[in-house]
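Structural overview for review
Residue-level listing of the chains:
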Amino acid sequence: MRYEFEKIEKKWQSYWEEQDLYAVDDSGDNRYYTLEMFPYPSGKLHMGHVRNYSIGDVVSRFKRMNGSDVLHPMGWDAFGLPAENAAIKHKTHPNEWTWNNIESMREQLKRLGISYDWNREVASCHPDYYKWNQWLFLLLYKNGLAYKKRSQVNWCPSCTTVLANEQVISGECERCGSAVAKKDLEQWFFKITDYAQRLLDDLEKLEGWPDKVKLMQKNWIGRSEGASIDFSVEGLEQDIRVFTTRPDTVFGATFMCLAPEHPMCRDIVKGTGREEEFDAFLDGIKKMSELERTSNELVKEGVFLGRYAINPANGKRLPVYAANYILYEYGTGAIMGVPAHDQRDYEFATKYNLDIIEVVRPVAGEEAPEGQAYDGPGTMVNSGIYDGLDYTEAIERIVTDLERKGRGNREIKYRLRDWLISRQRYWGTPIPIVYCPDCGEVPVPEEDLPVILPIDIALTGMGDSPLAMSEEFVNTICPLCGKPARRETDTMDTFVCSSWYFLRFTDPKNTKAPFDRKKADAWMPVDQYIGGVEHAILHLMYARFFTKVLSDLGLCSCDEPFKNLLTQGMVLKDGAKMSKSKGNVVSPEDIIEKYGADTARLFILFAAPPERDLEWSDQGVEGCYRFLNRIWRLVEESTHVVANAGKIDSGHLNEEDREMLYVINRTVKKVTEDIKERFNFNTAISAVMEMVNALYQYKEDPGATPAVLKEGLTKLIVLMAPFAPHITEELWEMIGEAGSVHLQRWPSYKEEHLIRDSVTVVVQVNGKVRSRIQVHPGMKKEEMAQLALEDERVRAHTDGGTVKKVIVVPDKLINVVLGG
RNA sequence: GCCGAAGUGGUGGAAUUGGCAGACGCGCUGGACUCAAAAUCCAGUGAGGCUCAAACCUCGUGUGGGUUCAAGUCCCACCUUCGGCACCA
């Protein structure tokens, strides 16, 4: 009988669905929550999805077989820009396009045989879901964590529309090619910066996260300790406040710089006759991207604003500039220029002929190279009463003195910025705010939620936010006074949807609340979260922030959402990420069609460890298909032998039996450890391949015992079940076992079968392998050394030299070191 | 530019704690079966040297240095490729 994967996969998928095999309720006491990042429904599953879900499925099935009640849900991150683009391009509607995609992707997932509890499916574009997005927005709003402020967006003057960063291609609009400008808009923000310190501190709790992800998050938060210092400006009421991590260098300040966008620039330049020059400079700045602005290659440029500030430390007059290398978003958007001790300031000062005054003297030999600023430790000079102090001491004293004078204070700044959540887009969650001419900004009352996203909207990609054009949507009445009012027409960033979906999965059908606290507490935190490393910062940071807010407000107990995190690598073809434009896409559908889901899953797990990028290989897929066929034949050819096999009689085992049992037990151990401790599915599968090779040999051996063969085959099928769930069900039935293989207990191994009579020890002379000897395990070091020195091959290399020492690693290696 | 990774045969990768580099798979070569092919099975396969052959020897984990009895693994410098950079998700 041939391995007919089409029939087998269909058969067992129906069986699982009839039995509702992967449904889980909340009553178990051994709960385990596996979660893969829910996909954007782009239309078709790609290999990255297959990889993500295959990894999650192995973990889920493995945990289930080890006795856990596994929650393994799936849903759709269904709002976003591609739906609008598709709607414009194909004259369809985002709603229709998205739901069609969900429909077909769900079918594809089912054909992959992933063990989801489909009863818990959610889609973020459904009012049942986004209602709670709005509810949570209001919760944050009421708690002072959502606010509006002006912020810049990319603006295409020809399409008169806001552009996403992605739609800006080297400074031009992707649709019409016009130069993209910056435009100020009132935008909604979430106050993630309130949580900066906790997001930083709690990284330490996340023992199950990769260090690299924690490090990236830490750098993203970017905590720096320092001081704010106020500089007064001649002829102006208002002070310039700067932030510096090096207040010890305040005596070395020779100029000041503000970000050109800083509102004070205009006040300072006013009446100095330099307004035009400044305006021209600001225009130029607005055309630059942030990447260009922060580049070290950036030529430091600025304009003098015509006034002088006073250094509060020594009373010196400092010229005030607007400069391109100062970012309005970071710190206070203004700096004191200390060219001797900051490279960027040094370059600026050199260009504009400003003084360079050394105030921190390094120890001899540590000086900066010619033409560079010195930013290391040292002793204070040219700093009045602070001369001679170590710079750390100077930081303390200078800040204390500034505080006393009311000219500054200690401060901690973060690079992390508040989360801009409003989008001038259609396909997203409407922000539930109403603007009333009398009452102002009014939140939509809870009982009026959801604010439904209207479906009858035409998209053009031009002009204002599409919602602003719908009179029916915009015009409403004020919830407070009942007079005519207008709705907020911005929608929410889709990251809002993905910042709490893992909580919704614990209680997906709740109509009274986003989720029930008891249910959330039962399942959270997610035990194993799996997704692409490209989400290492934004999504994971936002999800952590949301969970902390919800925890603080008493909606759930956990304040970190993901206990363990696995970041998977990308799927490449010919060394590049699969993409339509490169024409190197391999469709999962085609592979399933040709070889079956089990082969597709097996290959993607076998080809590379999950954290690494994976190179797609059609021939590698063939290899995995061959391997499944090999297992199929092995079991099929053995059914008659196994049918009458009794129990293993441990008193009557021959050498072949003992060797076979050793391989079986070694494999069980290896596969268990590779899945549980390292997620190294590739080596787990290799180990099973070796076992299959051994079983083939054993089967042909005249000394083979049916009971041992049966032991090998049942272990083989059960070990393969998480990787290839369909074929293993069929084989399980074929060898006469009852019930689903996925309900079997994960096998254990017996130590007694792992004990060997002798082990091979490598003997090196001066670090080069010269011989091998057989020893009993656990032999004493001295005895091993003696054996090695007596070895003929070793003596051929030691003759004529004197043995300096012998290094012995028990049961493994001996290194004879010759002197001379 | 900044932050974070990765680099091992013809190829995907293995080597888990500093201890035999190349497990397992693919490809390739030779053979068996076959009228023939496919499928399957068996054997070989890092490079070079020596040899009828075996044995044996040398080199070898991006590059250059270093630490160590011993380095793919640790340290320093560099090169290349990839991911993220806040409105793609």
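Going along each chain's sequence as written, the residues are numbered from 1 onward. Lettering of chains starts at A and numbering of ligands starts at 1, both following the order in which they are written. The predicted nature of this model means local features are confined to residues of pLDDT at least 70 and side-chain atom pairs, given and counted, to a pLDDT of 80 or more, with totals for whole chains, interfaces and linings taken over all residues. Note that water and hydrogens are dropped before the side-chain values are worked out from all heavy atoms of the structure.

Turning our eyes to something else, we now look at the pattern of salt bridges. Each reported salt bridge corresponds to a side-chain nitrogen of Lys or Arg within 4 Å of a carboxyl oxygen of Asp or Glu. Within the structure shown, the criterion is met by 53 salt bridges. A salt bridge links Asp 401 to Arg 404; the nearest nitrogen and oxygen atoms lie 3.3 Å apart. Of this pair, Asp 401 and Arg 404 both sit in helix H12 (residues 391-405), three residues apart, which is roughly one turn of that helix. Judged by its relative accessible area of 19%, Asp 401 falls in the buried class. Accessibility here uses a 1.4 Å probe with only protein chains present; expressed as a share of the type maximum, an area under 20% marks a residue as buried, one over 50% as exposed, and anything in between as partly exposed. With relative accessibility at 65%, the residue Arg 404 sits in the exposed group. Residues Glu 659 and Arg 756 are paired through a salt bridge, measuring 2.5 Å at the closest nitrogen-oxygen approach. For helices the rule is a DSSP run of H or I covering at least 4 residues; for strands it is a run of E covering at least 2, with both sets numbered from the N terminus onward.

Neighbouring RNA strand B are 66 residues, the closest being Asn 165, Arg 630, Lys 670, Arg 772 and Asn 815. Contacts described as polar in this section are N or O atom pairs within 3.5 Å, which, within protein, must combine one atom able to donate a hydrogen with one able to accept it, while residues neighboring in sequence count only if both atoms come from side chains. Note that a sugar or linking oxygen of RNA strand B is positioned 3.5 Å from one of the side-chain N or O atoms of Glu 690. His 797 is positioned with one of its side-chain polar atoms (N or O) 3.2 Å from a phosphate oxygen of RNA strand B. The element contributing the most residues to the surface near RNA strand B is helix H22 (residues 681-700), with six residues. Note on residue classes: Ala, Val, Leu, Ile, Met, Phe, Trp, Tyr, Cys and Pro are nonpolar, Asp, Glu, Lys and Arg are charged, and everything else, Gly too, is polar. Looking at the surface near RNA strand B residue by residue, the class counts come to 24 nonpolar, 20 polar and 22 charged. One heavy atom within 4 Å of a molecule or strand makes the whole residue count as near it.

With that settled, the discussion passes to the packing of helix H3 (residues 81-90) against helix H4 (residues 94-112). One can describe the packing of H3 onto H4 by two numbers: an axis separation of 8 Å at closest approach and a directional angle of 115°. Taken together, the axis directions place H3 and H4 in an arrangement best described as roughly perpendicular. In the packing of H3 onto H4, the handedness of the crossing is right-handed. Taken together, the residues of H4 that come into contact with H3 (itself represented by Pro 82, Ala 83, Glu 84, Ala 86 and Ala 87) are Pro 94, Trp 97 and Thr 98. For the contact of H3 with H4, the residue count by class is six nonpolar, one polar and one charged. Axes here refer to lines fitted to C-alpha atoms; in helices the fit is confined to the stretch in contact. Angles between the N-to-C directions go from 0 to 180 degrees. An angle counts as roughly parallel when it lies under 35 degrees, as roughly antiparallel when it exceeds 145, as roughly perpendicular when it falls between 65 and 115, and as oblique in every other case. Should the near helix be turned counterclockwise from the far one by less than a right angle, the crossing is left-handed, whereas a clockwise turn marks it as right-handed. It only takes one pair of heavy atoms within 4.5 Å for two residues to be counted as in contact.

With that out of the way, let us pick up unusual backbone geometry. In this chain, Leu 449 is followed by Pro 450 through a cis amide linkage whose omega measures -5°. Topologically, Pro 450 is positioned in the loop between strand S22 (440-443) and helix H13 (471-474). The backbone of Asp 811 shows a phi angle near 65°, a positive value even though the residue is not glycine. Inspection of the secondary structure puts Asp 811 in the loop between strand S33 (803-809) and strand S34 (813-818).

Bringing the environment of Trp 523 into the picture now. Considering the arrangement of structural elements, one finds Trp 523 in helix H16 (residues 517-523). The class of Trp 523 is buried, set by a relative accessible area of 2%. For the pair Trp 523 and Trp 135, spaced 388 residues apart in sequence, the C-alpha separation works out to 22 Å. What Trp 523 contacts, discounting residues up to four positions off in sequence, is Val 24, Asp 25, Asp 26, Arg 31, Tyr 32, Tyr 33, Asp 69, Leu 71, Arg 120 and Thr 506.

Turning our attention to the pairing of strand S24 (residues 484-487). Where strand S21 (residues 433-436) lies against S24, two bridges are found, and the strand directions are antiparallel. Each residue of the ladder has a partner; that of Tyr 435, found in S24, is Arg 486. When strand S23 (residues 475-477) meets S24, the two strands line up antiparallel, connected through three bridges. Within S24, the position partnered with Asn 475 by the bridge is Arg 486. The antiparallel pairing of S23 with S24 creates a hairpin that spans six residues between the two strands, and Gly 482 there sits at a positive phi of about 80°. Any two strands between which DSSP finds at least two bridges are classified as paired.

To continue, consider helix H24 (residues 725-734). With respect to burial, H24 is a largely interior element, eight of its ten residues being buried. Of the residues making up H24, those classed as buried are Pro 725, His 726, Ile 727, Thr 728, Glu 729, Glu 730, Leu 731 and Trp 732. Gly 736 occupies a position one or two residues after H24 and carries a positive phi of about 85°.

Our focus in this paragraph is the sheet that holds strand S19 (residues 419-420). Spatially, S6-S5-S9-S19 is the arrangement adopted by the four strands of the open sheet, whose pairing is antiparallel. At either margin of the open sheet sits one strand with a lone partner, and together these are strand S6 (161-163) and S19. As judged from the three bridges shared by strand S5 (residues 146-156) and S6, these two strands associate in the antiparallel manner. For Trp 155, the partnering residue across the bridge sits in S6 and is Val 162. Set on the sheet, helix H5 (residues 127-142) makes contact with S5 and strand S9 (181-190); between it and S9 the angle comes to about 85°.

The subject of this paragraph is empty space enclosed by the protein. Using a grid of 1 Å spacing that covers the protein atoms alone, one calls a set of points a cavity when a 1.4 Å probe fits there but cannot get out, and a pocket when the set is open and has protein on both sides within 12 Å along at least five of seven lines; lining residues are those with an atom within 4 Å of a point. Grid points are joined across faces, edges and corners, and a volume is the space filled by probe spheres set on the points. This model, assessed by the stated rule, comprises one cavity of 30 Å³ or more. The volume enclosed by the largest cavity comes to roughly 60 Å³. Taken together, Leu 45, Gln 108, Arg 111, Leu 112, Pro 588, Glu 589 and Ile 592 form the lining of the largest cavity. Elements with a minimum of two residues in the lining of the largest cavity: H4 and helix H18 (588-595).

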